[in-house]
Amino acid sequence: MKKAVHFGAGKIGRGFIAELLHDSGYEIIFADVVDALVDLVNEKHEYPLFLIDHNYEEKRIDHVVAYSSVKEPEKVIEAIGEAEVITTSVMATNLPKIAPLLAKGLKQRLADGKGKTTVMACENAIMGTDILKKAMIDIGVITEEELDAIGVYPNTAVDRMVFDGVHNGKKGIEIGDAYELAIERGKLLDPDSEPIKGGEYVDDLEMFLQRKIYMINCGHALSGYFGQVNGYEIVQDALRDPEIQKEVRAAVKESAAALEKKYGFTHESLMEYMETMMIRRFLTPGVADSIFRVSREPIRKISPNDRIMGPAYQCEEFGLENRHLLKGVACALKFTNPEDEQAVELQNYIAENGVGAAISKYTGLEENSRMYHVILEEYSRLG
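Residues numbered from 1 in each chain as written. Predicted model: local features only at pLDDT ≥ 70, side-chain atom pairs only at ≥ 80, totals over all residues. Heavy atoms only, no water.

A. Layout of the nonpolar core. Counting 71 residues, the largest nonpolar core has Met215, Met278, Met309, Leu333 and Ile375 as its most contacted members. The dominant element in this core, judged by the number of residues it contributes, is helix α7 (residues 205-229), at 13 residues. In this view, Met309 contacts Ile302, Ser303, Pro304, Leu326, Val329, Thr363, Leu365, Met371 and Ile375; residues no more than four positions away in its chain are not counted. Within the second largest apolar cluster, 31 residues are counted, among which are Phe16, Leu20, Phe30 and Tyr47. (Core = buried A, V, L, I, M, F, W, Y, C linked by side-chain atoms within 4.5 Å. Buried < 20%, exposed > 50% of the residue type's maximum accessible area, 1.4 Å probe, protein only. Helix = DSSP H or I, 4+ residues; strand = E, 2+ residues; numbered from the N terminus. Contact = heavy atoms within 4.5 Å.)

B. Spotlight on the pairing of strand β2 (residues 26-32). Most of β2 sits out of view: 6 of its 7 residues are buried. As judged from the 6 bridges shared by strand β1 (residues 2-7) and β2, these two strands associate in the parallel manner. Residue Lys3 lies in a different strand from β2, and its bridge partner there is Glu27. In this fold, the crossover linking β1 to β2 by way of helix α1 (residues 11-23) has right-handed handedness. As defined by bridge partners, β2 adjoins strand β5 (residues 64-68) across 5 bridges and the pair is classed as parallel. (Pairing = 2+ DSSP bridges. Right-handed = clockwise from strand over helix to strand, strands pointing away.)

C. Expanded view of the side chain of Gln210. Following the sequence through the fold, Gln210 ends up in helix α7. With sequence-adjacent residues up to four places away left out, Gln210 is seen in contact with Met215, Leu259, Lys262, Tyr263 and Gln314.

D. Structural detail: the sheet that holds β1. Read from one edge of the open sheet, 6 strands run β5-β2-β1-β6-β7-β8, paired in parallel fashion. This sheet does not close on itself; its edge strands, each paired only once, are β5 and β8 (151-152). Here strand β7 (residues 117-121) runs beside β8; their pairing, made up of 2 bridges, is parallel. Bridge pairing links Thr118 to Val152 in β8. Here α1 sits on the sheet in contact with β1, β2 and β6 (85-88), set at roughly 150 degrees to β2. (Axes fitted to C-alpha atoms, helices over the stretch in contact; angles between N-to-C directions.)

E. Spatial organisation of the packing of helix α3 (residues 73-82) against helix α4 (residues 95-111). Closest axis-to-axis distance for the α3/α4 pair is 8 Å, and the angle between their directions is 50 degrees. The pairing of α3 with α4 is recorded here as oblique in orientation. When the axes of α3 and α4 are compared, the crossing they make is right-handed. Contacts between α3 and α4 involve Pro73, Val76, Ile77, Ile80, Gly81 and Glu82 from the first element and Leu101, Leu102, Lys104, Gly105, Leu106, Gln108 and Arg109 from the second. (Parallel < 35°, antiparallel > 145°, perpendicular 65-115°, else oblique. Left-handed = near helix turned anticlockwise from the far one by under 90°.)

F. Structural detail: the pattern of salt bridges. Within the structure shown, the criterion is met by 30 salt bridges. A salt bridge links Lys59 to Asp23, with the nearest nitrogen and oxygen atoms 2.7 Å apart. Here the residue Lys59 occupies a position in strand β4 (residues 57-62), and Asp23 occupies one in helix α1, the gap between them amounting to 36 residues. Its relative accessible area of 42% is what places Asp23 among the partly exposed residues. The salt bridge involving Asp159 is made with Arg281; its shortest N-O contact spans 2.5 Å. Here Asp159 is found in strand β9 (residues 156-167), whereas its partner Arg281 is found in helix α10 (residues 267-282), with 122 residues between them in sequence. (Salt bridge = Lys/Arg side-chain N within 4 Å of Asp/Glu carboxyl O.)

Pasting the structure below:
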């Protein structure tokens, strides 16, 4: 069998990327730092997925093995030398942490005279593979020229809901049918190839990345922020509240209007995308997502280029309405979770410096700008 190395054996790794790799005919070698996940994969060298949209029918993912990136780096390096595809799902902030081992593996692959491989960071980030490639270069183990000699590095846009689940006495991962994996066609070894079946191969990835982050991620985060200020703990419960769903829809439609203006998406396609990938999917019966999890790291999520302020800035640029997005930022500024470092930092900063200073510091808005005042006004209304 052809081989694929995947960094990250968590729910997204096993329940999303590995499922597509499995269906594409690969033997999958996971690399992870968590011993429990490595042991879980190696216990039977297969694991169950439960298909939410098919009455939780079981699907087996086999031909899998896992190695510890910490305890068995030599095995990971060897696997990198044999892999046709190398993918990640470790969270974007952890890409620099896996870069050293991946760089060593690619350096060894080059020394061994192997052919080029395809490396793709499948993260919830804009141009994640570029981030990973830069991290490898910055380490100094391998040069950019050597990286280009041994691999290609398409960026991706990814999205899928996955959950832990127990069915028929078995622990596994619940997955929905709806997902998104957009891959840069022009950076493939062969632009006509499909290294991962089920992916969407596109010429302009940026527009698909922004569509995903500025609509799906935006709507998900806002459901959490609107939800918490209204006393909810579960995102789906919040989104079933007609008033909150109305607010979330209005904000995502503002994002969609900017995307339509910037990239030429049709209005109809964006509305269908919102209904399929956000509303219907988030409200799948039996799905329950903690607001603490969905709304975590609020500082990152209200930063200038991220899921809420990013589209708000685009709307402002095009002269489009963005009040619902800015109201979402105000709700995010209210987010509290004592176990979330960013939430704690944000609330401490507001307590010490005032919300106005926090708006400037974390959203990039100039004091006394129009959007600044809208957020301040909405924040005051929240009480």
